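Tertiary structure, described
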Amino acid sequence: MTDQSLKLASEFPPADYAAWRKLAEAALNGAPFDKKLVMHLRDGFDVQPIYTADDLDGDIAQIHPSLIATNSQLAADAGPDGNTNTTVAATGWDIRQLHAHPAPKTVNDAILEDLESGVTSVLLRLDHAARFGHGPDGPDGDDAGLGGVMIYNLDDLNHTLNGVYTNLAPIALDAGAATIPCAALLAARMAREDDVSDATPAFNLDPLGTCVAEGFCPTDLATALTQAGGFARTISTKFPHGTAITVNSTPWYNAGATDSMELAISLATGLAYFRAMVDAGMDGAKAATSITFTIAIGTDFFAGIAKLRALRLMWRRILQASGIEGCAITINAISAAQIISKVDPWVNMLRTTVTSFAAGLGGANSVICLPYDHAIGLPDGFSRRIARNTQLILQEESNVHRVIDPAGGAWFIENLTRDLAQHAWQKFQAIEGDGGIIAAIENGTLADEIATSWTNRASRLATRRDPLTGVSEFPNLAEAAVTCDVPDIAALRAAVQNRPGTPDTTIGTSFDDLVTAAAKGASIKQLFNALYGDGASATRMAPLPMHRLSEAFEANRRRASAHQHETGQPPKIFLCNIGKVADHTARAMFARNFFGAGGIDAIGNNGFSSGHDAANAFRQSGAKIAIICGSDTQYAEHAAEMAKSLNAAGASKIFLAGHPGDNRAAFEAAGINDFIFVGSDVVAITTAVLDHLGVK
């Protein structure tokens, strides 16, 4: 051995992008480079197949903070470049678990089990009755126990959190329009503990996000902002380490917003809350640390990392505009409900692993990994264990959190962060220029834009340009059903109705008054009415729809499943396979997956050499429709014969697997009705087939 450095590439000529591009284009054999190797994102920019140091073109953080007019100081994020989170790297992110079972006792048992097994904080979601300030005897009469925990007064909260030390395990609230009354209950509960000076509750007041998600705000939106500012100022004195406000952009994302849209809306909403807090008398730096951002993470792994990095970067730029440095942004990341499927739900474990991994690498302060059965029903102990262990493995075995900004310096991620930030910044500027987030909510422009975005996304899903494993690709019609806990809502409602009533007392409107009344037994309904009166100034609007990527496929799967339950047989299609297995397997599998995505069972076979044999097998199958599968050569020789034989055997509709090309007219003349191929609309075609078969 010598002291001379090894030069491993010394025998090879230096490589550059131009040389690589030339070789890549040669390998494409004339296919367009931009079509085959460049990814076109929904946000309107492209992802190149390769990046080099030349793509960094200076500081990616140079975003001009125009159209930002604040009347206060702003705050900045920790880290020299706005993309680091040193706290997460030192201790690991907060593993947060969502709890929404209606029974307080069941929730308490689950919380204690989670905390003993590695969860570090809890998100409590209240039921519909409490969220709207109704209580168990609300005007609808049937919203108690739906969608969350039946917490209506301090006793209910105490039962839910029995044995939980809130100064050690942070409690986060998801209480909708009744967040302030619910916060009063939590404050009264925490006042009973020995020392809460270091407690970090997250009260999560978000009137704008609640209004778009649930279609209701107990006041007009301008008043709600003013109220949020005053609430934050009060909370900052009572719980100096807690947070009062959250900017929850997940309703926008789950309605169809792209990543850059979600970021722009988050910035505009955060800025509106920040201004309200400073107007209420809060110091700018303190106001900044009283806001958290709740961000949805989808299954695009690199986009998830870049989204959190871009948010940190842009919020830091906003805060720097008023001269404040060094205040950290708090980001709560959650698996997007949009990605969770009801069919083949086991694949959801993979999806939520991707979201949690991306959130951790992106520097989220807390992460909620949704259980794999989240879209089906209430999770049981097993699905909650899988959800928390997903994060524990990422931390304790993979040590994902040990590196500060692990994606930093990667040319691809840095460019993706830059492009995402630039597009989000432009959208944010447009929102501010048109009057701010309240105007955009009230005039419906954002909702319309997001509806268009979802329509485009739904088209890509239906044609499988955006494939969904287990749903639109490789569906398993024989999968075992997942069972979830089904609580006895009627019994829970009866137990609530039969308990003693709450004191009838006059309640003041300050937060201290609400806490005092809560400690004496006042209900959320009483606190809500004291705070908001008769609701004459309430804001009501159509809520944003909550879409899931798999919803259109699931609708057909439900139809097919109901048909099988009623008749004993699933909807069927006969595979008219031509020739040897090796010749027809590719298109037969394509057809099986295509129709299986709509719940239609494909009846297979080893292939037929004549139309006579195919017709006999078709009659015996009991199917009404058939699809011819084979190679292009076989189609030229046998497709017409097969189609005529199937028609003679009673086939009411015949498909052919493959693009017909110039042979369409000839195939149709032979009796073939339709064709399936890459790019076909799976949802539309399978829906039409179910209609044709008379499936209700």
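One can find the structure itself at the top, above this paragraph.
Structure report, in brief. From a predicted model like this one, the values you see are computed outputs, not experimental measurements.

Attention shifts here to the overall build of the chain. Counting its secondary structure elements, the chain contains 27 helices and 17 strands. For 696 residues, the compact-globule estimate of 2.2 N^0.38 gives 26 Å, and the C-alpha radius of gyration of the chain, at 29 Å, lies within 12% of that figure. For the chain, the C-alpha atoms occupy an extent of roughly 85 × 80 × 55 Å along the three principal directions. Counting only residues that meet the buried cut, the chain has 54% of its 696 residues in that class. For the chain, restricting intrachain contacts to residue pairs at least 6 apart in sequence, the fraction spanning at least 24 positions comes to 78%. Taken as a whole, the chain presents about 29,200 Å² of accessible surface, with 53% of it coming from carbon and sulfur. In the chain, 52 positive and 75 negative side-chain charges are present, and the distance between their average locations comes to 5 Å.

To summarise the sheet geometry, strands pair through backbone hydrogen bonds and adopt either a parallel or an antiparallel arrangement. Strand order in this open sheet of five strands is E14-E13-E15-E16-E17, and the pairing throughout is parallel. What marks the edges here is a single partner per strand, and that holds for strand E14 (601-603) and strand E17 (674-676). The average undirected angle you get between the axes of adjacent strands in this sheet is 30°. Pairing of strand E13 (residues 572-577) with E14 involves three bridges; the strand directions are parallel. When the sheet's bridge partners are listed, Lys572 is paired in E14 with Asp601. Seen against the sheet, helix H25 (residues 632-648) touches E13, strand E15 (625-629) and strand E16 (653-657) and runs at an angle of roughly 170° to E15. Across the sheet, helix H27 (residues 682-692) touches E15, E16 and E17, and the angle it forms with E16 is around 155°.

Trans peptide bonds make up most of the peptide bonds, and negative phi angles are found at most residues other than glycine. Phi angles above zero are rare outside glycine, and Asn399 is one such case at about 55°. For Asn399, a relative accessible area of 34% gives the class partly exposed. Non-glycine residue Arg464 carries a positive phi angle of around 65°. With respect to the element layout, Arg464 can be found in the loop between helix H18 (445-462) and helix H19 (489-497).

A word on the packing of aromatic side chains. Evaluated as defined, the whole model comprises 22 aromatic pairs. When the ring of Phe231 is compared with that of Phe511, the centres are 5.5 Å apart and the planes differ by 75°; the resulting orientation is edge-to-face. With Phe231 in helix H9 (residues 221-238) and Phe511 in helix H20 (residues 511-519), this pair connects stretches of sequence that are 280 residues apart. Each member of the pair Phe231 and Phe511 is classed as buried. Following the ring pairs from residue to residue traces out a cluster consisting of Tyr51, Phe301, Phe302, Phe357 and Phe412.

Turning our attention to the packing of helix H24 (residues 611-621) against H25. It is at 8 Å that the axes of H24 and H25 come closest, and there the two elements cross at 35°. Where H24 crosses over H25, the handedness of that crossing is right-handed. Touching Gly611, His612, Ala614, Ala615, Phe618 and Arg619 of H24 are Glu641, Met642, Ser645, Leu646 and Ala648, all from H25. Looking at the contact of H24 with H25 residue by residue, the classes come out as six nonpolar, three polar and two charged.

For the pair helix H7 (residues 179-190) and helix H21 (residues 524-532), the least separation of the axes is 9 Å and the interaxial angle reads 125°. Taken together, the axes of H7 and H21 lie oblique to each other. Crossing hand, H7 versus H21: right-handed. On H21, the residues touching Ile180, Pro181, Cys182, Ala184 and Leu185 of H7 are Ile524, Leu527, Phe528, Leu531 and Tyr532. Of the residues contributing to the contact of H7 with H21, the split by class is 10 nonpolar, no polar and no charged.

On to helix H4 (residues 104-116). The end-to-end C-alpha distance of H4 is 18 Å, a good match for the 18 Å that 13 residues give at a rise of 1.5 Å each. Residues of H4 that are buried include every one of Pro104, Val107, Asn108, Ala110, Ile111 and Asp114, and no others. Elements that come into contact with the buried residues of H4 comprise strand E3 (94-99), strand E4 (121-125), helix H6 (154-160) and helix H15 (381-397).

Examined against the element boundaries, Asp156 turns out to sit in helix H6. Given the relative accessible area of 5%, Asp156 is considered buried. Beyond its immediate chain neighbours, meaning those up to four positions away, Asp156 contacts Pro104, Met150, Ile151 and Arg499.

One pass over the structure, following the stated rule, counts 26 salt bridges. The closest approach of N and O atoms between Glu214 and Arg131, which form a salt bridge, is 2.6 Å. Remark: Arg131 occurs in helix H5 (residues 128-131) and Glu214 occurs in helix H8 (residues 207-214); sequence separation between them is 83 residues. Accessibility expressed as a relative area gives 19% for Glu214, which makes it buried. Relative accessible area serves as the criterion here: at 3%, Arg131 is assigned to the buried category. The residue Lys307 makes a salt bridge to Asp259 at a minimum N-O spacing of 3.0 Å. Residue Lys307 is located in helix H13 (residues 301-320), and its partner Asp259 is located in helix H11 (residues 259-279); the two are separated by 48 residues in the primary sequence. An identical accessibility class is assigned to Lys307 and Asp259; each is buried. Through salt bridges that share partners, Glu113, Asp114, Arg384 and Arg388 make up one connected network.

It is worth spelling out the pairing of strand E6 (residues 202-205) at this point. Neither face of E6 is open: one carries Ala202 and Asn204, the other Phe203 and Leu205, and all of them are buried. With two bridges joining them, E6 and strand E8 (residues 243-248) adopt parallel strand pairing. Following the sheet pairing, Ala202 is matched in E8 by Thr243.

Glancing now at the environment of Gly508. As for its placement among the helices and strands, Gly508 is situated in the loop between H19 and H20. Between the C-alpha atoms of Gly508 and Ala542, which are 34 residues apart in sequence, the distance is 32 Å. Apart from residues no more than four positions distant in its own chain, Gly508 is found in contact with Asp513, Leu514 and Ala530.

Before going further, it helps to spend a moment on the environment of Asn332. Its place among the elements puts Asn332 in strand E10 (residues 330-335). Separated by 273 residues in sequence, Asn332 and Asn605 have C-alpha atoms that sit 52 Å apart. Discounting residues that sit within four places of it in the chain, Asn332 has contacts with Arg96, Thr292, Phe293, Thr294, Ile295 and Ser366. Side chain to side chain, Asn332 and Thr292 meet in a polar contact 3.5 Å long.

Side chains of residues three or four places apart in an α-helix project in the same direction, reflecting 3.6 residues per turn. Here H24 has its buried residues at Gly611, Ala614, Ala615, Phe618 and Ser621. Buried residues of H24, viewed axially, fall in a sector of 125°; they line one side. With respect to the buried face of H24, the exposed residues turned more than 90 degrees away are His612 and Gln620. The secondary structure elements touched by the buried residues of H24 are E13, E14, E15 and H25. Where H24 ends, the next residue or the one after it, Gly622, has phi of about 80°, a positive value.

Rules and cut-offs
Within any chain, residue numbers begin from 1 and follow the written order of that chain's sequence. The model is predicted, so local features are restricted to residues of pLDDT at least 70 and side-chain atom pairs to those at 80 or more, both for listing and for counting; the totals for chains, interfaces and linings are taken over all residues. Excluded from the side-chain calculations are hydrogens and water; all other atoms, namely the structure's heavy atoms, are used. Each helix corresponds to a stretch of at least 4 residues labelled H or I by DSSP, and each strand to a stretch of at least 2 residues labelled E; elements are numbered beginning at the N terminus. In this treatment the radius of gyration is a C-alpha quantity, and the globule benchmark scales as 2.2 Å times the residue count to the 0.38 power. Buried, partly exposed and exposed residues are distinguished by accessible area as a fraction of the type maximum, computed with a 1.4 Å probe on protein chains only: under 20%, between the cut-offs, and over 50%, respectively. Only heavy atoms matter for contacts: two residues are in contact if any of them lie within 4.5 Å across the pair. Under the convention used here, a 1.4 Å probe and the Shrake-Rupley method define accessible areas, while residue burial counts only the protein chains that appear. Within this scheme the basic residues Lys and Arg register as positive and the acidic residues Asp and Glu register as negative, but His and the chain ends are omitted. A charged residue contributes its charge at one atom only: NZ of Lys, CZ of Arg, CG of Asp or CD of Glu. Strand pairing requires that DSSP identify at least two bridges connecting the strands. With axes taken as lines fitted to C-alpha atoms, and helix axes fitted only over the stretch in contact, angles between N-to-C directions fall between 0 and 180 degrees. Centres within 6.5 Å are what make two rings of Phe, Tyr or Trp a pair, Trp counting through its six-membered ring; a difference in plane orientation under 30 degrees is then read as stacked, over 60 as edge-to-face, and the rest as tilted. Two helices crossing with the near one rotated counterclockwise from the far one by less than a right angle form a left-handed crossing, whereas a clockwise rotation gives a right-handed crossing. Asp, Glu, Lys and Arg are counted as charged, while Ala, Val, Leu, Ile, Met, Phe, Trp, Tyr, Cys and Pro are counted as nonpolar; the rest, among them Gly, fall into the polar class. Note on angle classes: values under 35 degrees are labelled roughly parallel, values over 145 roughly antiparallel, values of 65 to 115 roughly perpendicular, and the remainder oblique. Here the expected length of a helix is defined as 1.5 Å per residue gap, with one fewer gap than residues. Salt bridges are defined by distance alone: a side-chain nitrogen of Lys or Arg within 4 Å of a carboxyl oxygen of Asp or Glu. Nitrogen and oxygen atoms within 3.5 Å of one another constitute a polar contact, given that in protein one can donate a hydrogen and the other can accept it, and given that sequence-neighbouring residues count only through two side-chain atoms. The arc in question is formed by the directions pointing from the helix axis toward the C-beta atoms.

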